[in-house]
Amino acid sequence: MALVVQKYGGTSVGSVERIRNVAQRVARTFDEGNQVVVIVSAMAGETNRLVALAEEISEFPNEREYDVLVSTGEQVTIALLSMCLQSMGYKAKSYLGSQIPMLTDKVHAKARIKSIEDKYIRKDLEEGTIVVVAGFQGTDGEGNITTLGRGGSDTSAVAVAAGLKADVCEIYTDVDGVYTTDPRIVPKASKMQKISYDEMLEMASLGSKILQIRSVEFAKKYGVVVHVRSSFNDNPGTLVTKEDTDMETVLVSGVAYNKDEAKISLLRVPDHPGIASQLFGPLSEANITVDMIIQNVSHDGFTDMTFTVPKTDYKKALGIVEEVSKAIGAGGVKSDENIAKVSIIGVGMRSHSGVASTMFETLSREGINIEMISTSEIKVSCIIAAKYTELAVRVLHEAFGLDRQDNDES
Ligand code: ASP
Ligand code: MG
């Protein structure tokens, strides 16, 4: 008998009909002789609706009450799914995060899981009950509800799987796995059979919304194998798992892009110690995360500094940089919102050289100008003009041999 953890995202439980489908799948897994713990998100769109309500009632909603509010979406779906399973003749029981309890720190809206009590869940499972757990939420153990950040039910699922030492953690979503790139741009993109934790972390930080970053960190830390798959068909999905040697034989395993950043340059900055901290200090105090940074070689004691920030923080960042520019006597500020970041990712880069230069050559062959570059051990990212995003993704996908051959199955 295996212990299976299954997580269903918002679109998979987006209507009563779909909740019935989920119940069928859960029941089938149970009938195959497994113990089953199910984690669910709120119905599609519900958490957004709740967040909008909070913002409508107050410009700065109190964080404790924000969590009380936005955690309610999951309370609806655990009850509906449990009722549905019961009406099909199964024993099922729902739990809120605070009833388990799933203990977290006190940081509202982005709490981290500290520990999970398994005593009730174990007892239920032994009695043949299907356990249905609300994703996205926990408690600080002192009477306060906490939530784990948007997309957090992935993390709930991985944490429950780690805590119960489950045999598998299946994440059901509306895509049937992780693809080599966005299939809407490259129809020849293919589904990966498996991807390493590190590659998946890069994908998530580059804007892939398939899994919450923290859930991948958690899976890596506790060695939980995550199976990302579709709730709308029975195709095998993608395994997120530890690195193995055949992953390294592939140079690049995926191409990602992200249009959510904007670029800001501070021009003719006097080049002396402390300048970078005068600029990035105020940005970090304003909770703005800076991604790429370039500082040019200085001529005659002056330099240019260029960096990227999330588009959502662009206006705020620009205001701060303009202030700084005046304060330090810089030459002015230039900015551009119409940029994109295209990236290639692959653990194979650790052991192969020339990957970055192939990327640069490929882009230059298409006349695409590279404005900024950043690299990590398993990733190279370039900032380019947004209008070339699709072209860049297509040519890179082809250049690294990722286009699916027509006789290929997956
Ligand atoms: N319902 C929450 C959200 O929309 C959690 C999740 O779906 O993972 O962010
Ligand atoms: Mg999600």
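Conventions adopted
Residues numbered from 1 in each chain as written. Chains lettered and ligands numbered in written order. Predicted model: local features only at pLDDT ≥ 70, side-chain atom pairs only at ≥ 80, totals over all residues. Heavy atoms only, no water. Helix = DSSP H or I, 4+ residues; strand = E, 2+ residues; numbered from the N terminus. Expected span 1.5 Å × (residues − 1). Contact = heavy atoms within 4.5 Å. Axes fitted to C-alpha atoms, helices over the stretch in contact; angles between N-to-C directions. Parallel < 35°, antiparallel > 145°, perpendicular 65-115°, else oblique. Left-handed = near helix turned anticlockwise from the far one by under 90°. Nonpolar A, V, L, I, M, F, W, Y, C, P; charged D, E, K, R; others polar. Near = heavy atom within 4 Å. Polar contact = N/O pair within 3.5 Å; in protein donor to acceptor, adjacent residues only side chain to side chain. Areas by Shrake-Rupley, 256 points an atom, 1.4 Å probe, with all protein chains shown as cover.

1. Remarks on helix α11 (residues 314-328)
So, step 1. End to end, α11 covers 21 Å across 15 residues, agreeing with the expected 21 Å (1.5 Å per residue, within 8%).
So, step 2. Those residues of α11 that are buried lie in contact with β14 (261-270), α10 (275-285), β16 (302-310) and β17 (332-336).

2. Description of the side chain of T77
So, step 1. With respect to the helices and strands, the residue T77 is situated in helix α4 (residues 72-87).
So, step 2. If near-sequence neighbours (up to four positions away) are discounted, T77 is found in contact with V13, V40, S41, A42 and M43.

3. Quick word on the packing of α10 against α11
Between two packed helices, both the angle of their axes relative to each other and the distance between the axes serve to describe the pair.
So, step 1. The geometry of α10 relative to α11 is characterised by a closest axis approach of 9 Å and an angle of 150° between their N-to-C directions. As the angle between them shows, α10 and α11 are arranged roughly antiparallel. In the crossing of α10 with α11, the sense of the turn from one axis to the other is right-handed. On α11, the residues touching I275, Q278, L279, P282 and L283 of α10 are A317, I320, V321, V324 and I328.
So, step 2. Split into classes, the residues belonging to the contact of α10 with α11 amount to 9 nonpolar, 1 polar and no charged.

4. Details of the environment of L211
So, step 1. As for its position among the elements, L211 is in the loop between α7 (197-205) and α8 (213-222).
So, step 2. Along the backbone, L211 and V178 are 33 residues apart, and their C-alpha atoms lie at a distance of 9.8 Å.
So, step 3. In contact with L211, other than residues within four places in its own chain, are D154, I171, M200, A204, V216, V226, V228 and V240.

5. Quick look at the site of ligand 1
So, step 1. In the vicinity of ligand 1, the contacting residues are S41, A42, T47, E74, F136, R150, G151, G152 and S153.
So, step 2. Contacts to ligand 1 include G152, whose backbone N or O atom sits 3.3 Å from an oxygen atom.
So, step 3. In the complex, the protein chains occlude 86% of the 260 Å² of accessible area that ligand 1 would expose alone.

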